[in-house]
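Overview (structure and organization)
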Amino acid sequence: MRLSRYFLPVLKETPSEAQIASHRLMLRAGMIKQATAGIYSWLPLGFKVLRKLENIVHEEQVRAGHIPMLMPTLQSADLWRESGRYDDYGAEMLRITDRHGRDMLYGPTNEELITDIFRAHVGSYKDLPLTLYHIQWKFRDEVRPRFGVMRGREFFMKDGYNFDLTKEDALHAYNRHMVSYLRTYERMGLQAIPMRADSGPIGGDDTHEFLVLAETGESEVFYDSAITDLKLGERVVDYDSRAECEAIVEEWTTPYARTDETHDEAKFNAIPEERRRSSRGIEVGQIFYFGTKYSDAMGATVQGPDGKSTPVHMGSHGIGVSRLVGAIIEASHDERGIIWPEGVTPFHAGIVNLKQGDAEADAACEALYASLTALGLEPLYDDRDERAGGKFATMDLIGLPWRITVGPRGLRNGVVELTSRRTGESEELPPEAAVEKLAQIYAGHVLRPAF
Ligand code: P5A
């Protein structure tokens, strides 16, 4: 993309309404614009990051054997009356009446809708196990929407639902989700720690929240620092293997890690003092096992191997996709702007032309642009006729992990400058070597979602 042809409305001033870094930076970098309280338009740069996260979530869900689909945002109130949640959900639910006077709602979550699909089409244990998911906008009329996309009213969530014959099968689904979520967050360059939590209006006893440690997080968390050393890394996981999934869950749930809702002072104090930590965290996902809560209420049964009708065991699993954009920025920025991890960056590298209009500099930038594009990378070329300082400030603000600076002086010596946004370190090297280095850096990353 050439910056002269892009739509990147960066702001010079720091918006006064934004209290935390990610909100400020998303506004300043032209990623979002508030439409009304807690509801945002995703401008091109923000939309690109959102799509990258969505893509990673899809890939990891499919890898775990889960099946993508799409349910609508608007739902009928009748299903929610069946489960009893129409009244229970309270003021957070946005209720709408259609022209025929029918009660509708903008879905805050989809347990009822998916259970209705299940009961209409699945009748036998032979069709289990089944895990369906979608990534769709949700609406919760939060009392205090704040921090931009972190606590929105309209937000983008991946929500998945497992249907199993027995509790043991459903617990395997729970474990499988925990492992696939760990991998999902790692690919986004994040450490999200699973912590025993409270189930709230979703219900059930078994639930873990995934928290990214950050001072601006809304949750208070307590943990054993040993858990921060764990990493899935390159491990290949067989998601069908109960033992493998269970072992990984065991590894991550043995060190103490809880939110304030379930915090146990005595257990916490049993951790050696130097490893006891309490801090703030951003909740970027949550998984639940709630047994037959919805299948009992809504008659979602299958015929078991013994011929008897039995309610299915269910769980649900959510990732806050739009919140993650903010969470990644909270975890990765400095005073100059955002620092995208390679796995989610909207463009792979910026090209800064120090002397737009200089035939040699222009040609070198065009050649770099073509070579990077040919490798499947997406460069953002600042081809505007602007001062170098302004171009650097924009690149630093929008946070591309790598910048190639091209100027007549360097070109006379056959070199360009490659700079890491994270470390600030630069090296001078021939243009082809810079391209080669970027190819190596991005090897192993999925480069381009469809758009
Ligand atoms: C699990 C999927 C559920 O709703 N039902 C379907 C279950 N869980 S949850 O924890 O309530 O939400 C899942 C994740 O969505 C994000 N989230 C939000 N993001 C932005 N703004 C909000 N107002 C908001 N509310 C929830 C969180 O990341 C949460 O973990």
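Quick caveat, the model's predicted, so the values are computed rather than measured. Within each chain, residues carry numbers counting from 1 in the order of the written sequence. pLDDT decides what is reported in this predicted model: residues at 70 or higher carry local features, side-chain atom pairs at 80 or more are listed and counted, and totals for whole chains, interfaces and linings draw on all residues regardless. Each side-chain value is worked out from all heavy atoms of the structure, with water and hydrogens disregarded.

1. Considering the site of the ligand
Neighbouring residues of the ligand: 23 residues in total, closest T109, E111, R140, G152 and E283. Identification of polar contacts relies on pairs of N or O atoms within 3.5 Å, with a donor-acceptor requirement for protein atoms, meaning one able to donate a hydrogen and the other able to accept it, and with residues adjacent in sequence counted only if both atoms are side-chain atoms. E283 is positioned with one of its side-chain polar atoms (N or O) 2.4 Å from an oxygen atom of the ligand. R323 places a side-chain nitrogen or oxygen 3.5 Å from a nitrogen atom of the ligand. For the ligand, the protein covers 96% of the area, taking 600 Å² as the surface of the free molecule. Segments assigned H or I by DSSP are reported as helices when at least four residues long, segments assigned E as strands when at least two residues long, and all are numbered from the N terminus. Mapped by element, the contributors of at least two residues to the shell around the ligand are β8 (154–164), β13 (276–291) and β16 (313–320). A breakdown of the residues in the shell around the ligand according to their chemical character gives eight nonpolar, eight polar and seven charged. Near is defined per residue: the residue qualifies when any heavy atom it owns lies within 4 Å of the molecule or strand. Per-residue and other accessible areas follow the Shrake-Rupley method at a 1.4 Å probe size, with only the shown protein chains counted as cover for residues. Polar here means any residue other than Ala, Val, Leu, Ile, Met, Phe, Trp, Tyr, Cys and Pro, which are nonpolar, and Asp, Glu, Lys and Arg, which are charged; Gly is therefore polar.

2. Points about the packing of helix α2 (residues 44–63) against helix α10 (residues 321–331)
Running from N to C, α2 and α10 point in directions that differ by 115 degrees, and their axes come no closer than 9 Å. With respect to their mutual orientation, α2 and α10 come out roughly perpendicular. Like other packed secondary-structure pairs, α2 and α10 cross with a definite hand, here right-handed. Contacts between α2 and α10 involve V49, L50, L53, E54 and V57 from the former and V321, S322, L324, V325 and I328 from the latter. Throughout, an axis means a line fitted to C-alpha atoms (over the contacting stretch in the case of helices), and angles, computed between N-to-C directions, take values from 0 to 180 degrees. Roughly parallel covers angles under 35 degrees, roughly antiparallel covers those over 145, roughly perpendicular covers 65 to 115, and oblique covers all other angles. Handedness of a crossing is defined here by the sense of rotation of the near helix relative to the far one, left-handed for an anticlockwise turn of less than a right angle and right-handed for a clockwise turn. Should any heavy atoms of two residues lie within 4.5 Å, those residues are counted as being in contact.

3. A few points about the layout of surface pockets
Grid points spaced at 1 Å and placed over the protein atoms alone form the basis of the search, with a cavity being a set where a 1.4 Å probe fits but cannot get out and a pocket an open set showing protein on both sides within 12 Å along at least five of seven lines. Lining residues have an atom within 4 Å of a point. Grid points are joined across faces, edges and corners, and a volume is the space filled by probe spheres set on the points. Here the largest pocket defines a volume of roughly 910 Å³. If you go around the largest pocket, you meet 44 residues; those closest to its centre are R140, R151, E283, Q286 and R323. Mapped onto the lining of the largest pocket, the elements with two or more residues apiece are β8, β11 (219–224), β13 and β16. The leading source of residues in the lining of the largest pocket is β13, at seven residues. Here the residues of the lining of the largest pocket sort into 14 nonpolar, 15 polar and 15 charged. In this structure, the second largest pocket spans a volume of roughly 660 Å³. Along the wall of the second largest pocket there are 26 residues; nearest its centre are R183, E186, R187, K231 and G233. Among the secondary structure elements, those contributing two or more residues to the lining of the second largest pocket are α2, α6 (167–187), β10 (206–213) and α10.

4. A look at the sheet that holds strand β4 (residues 74–76)
Two strands qualify as a pair provided that DSSP identifies no fewer than 2 bridges between them. With respect to topology, three strands assemble into an open sheet ordered β4-β6-β5, the strand pairing being antiparallel. Of all the strands in the sheet, just β4 and β5 (94–97) have a single pairing partner and so form its edges. Between one strand axis and the next, the sheet turns through 35 degrees on average, direction left out of account. By the bridge criterion, four bridges tie β5 to strand β6 (residues 103–106) in an arrangement that is antiparallel. Paired with I96 across the two strands is M104, which belongs to β6.

5. Quick word on empty space enclosed by the protein
All told, the structure shown has one cavity of 30 Å³ or more when counted by the stated rule. Approximately 50 Å³ is the volume found for the largest cavity. Around the largest cavity sit G38, I39, Y40, W42, W137, V149, E154, F155 and S322, which together line it. Residue assignment for the lining of the largest cavity shows that the elements contributing at least two residues are β2 (39–42) and β8. In terms of residue count, the dominant contributor to the lining of the largest cavity is β2 (three residues).

6. Here we look at the environment of I32
Mapped onto the elements of the fold, I32 is located in strand β1 (residues 32–36). Excluding residues within four positions of it along the chain, I32 makes contact with H23, M26, L27, Y40, S41, W42, L43 and V149.

7. Brief notes about the nonpolar core
Nine residue types can take part in a nonpolar core, namely buried Ala, Val, Leu, Ile, Met, Phe, Trp, Tyr and Cys, and a core is a set of them joined through side-chain atoms within 4.5 Å. Think of it in three bands: residues with accessible area under 20% of the maximum for their type are buried, residues over 50% are exposed, and the middle band is partly exposed, with areas taken using a 1.4 Å probe on protein chains only. Counting residues in hydrophobic clusters, the biggest one holds 75 residues, and the most contacted among them are M31, L53, Y185, F210, V284, V325 and W340. A per-element tally of this core places α6 first, with seven residues. Leave out the neighbours within four places in its chain, and V284 touches Y185, A192, F210, V212, G318, I319, G320, L324 and A327. One finds L105, L128, F290 and V312 within the second-largest nonpolar core, a separate group that totals 27 residues.

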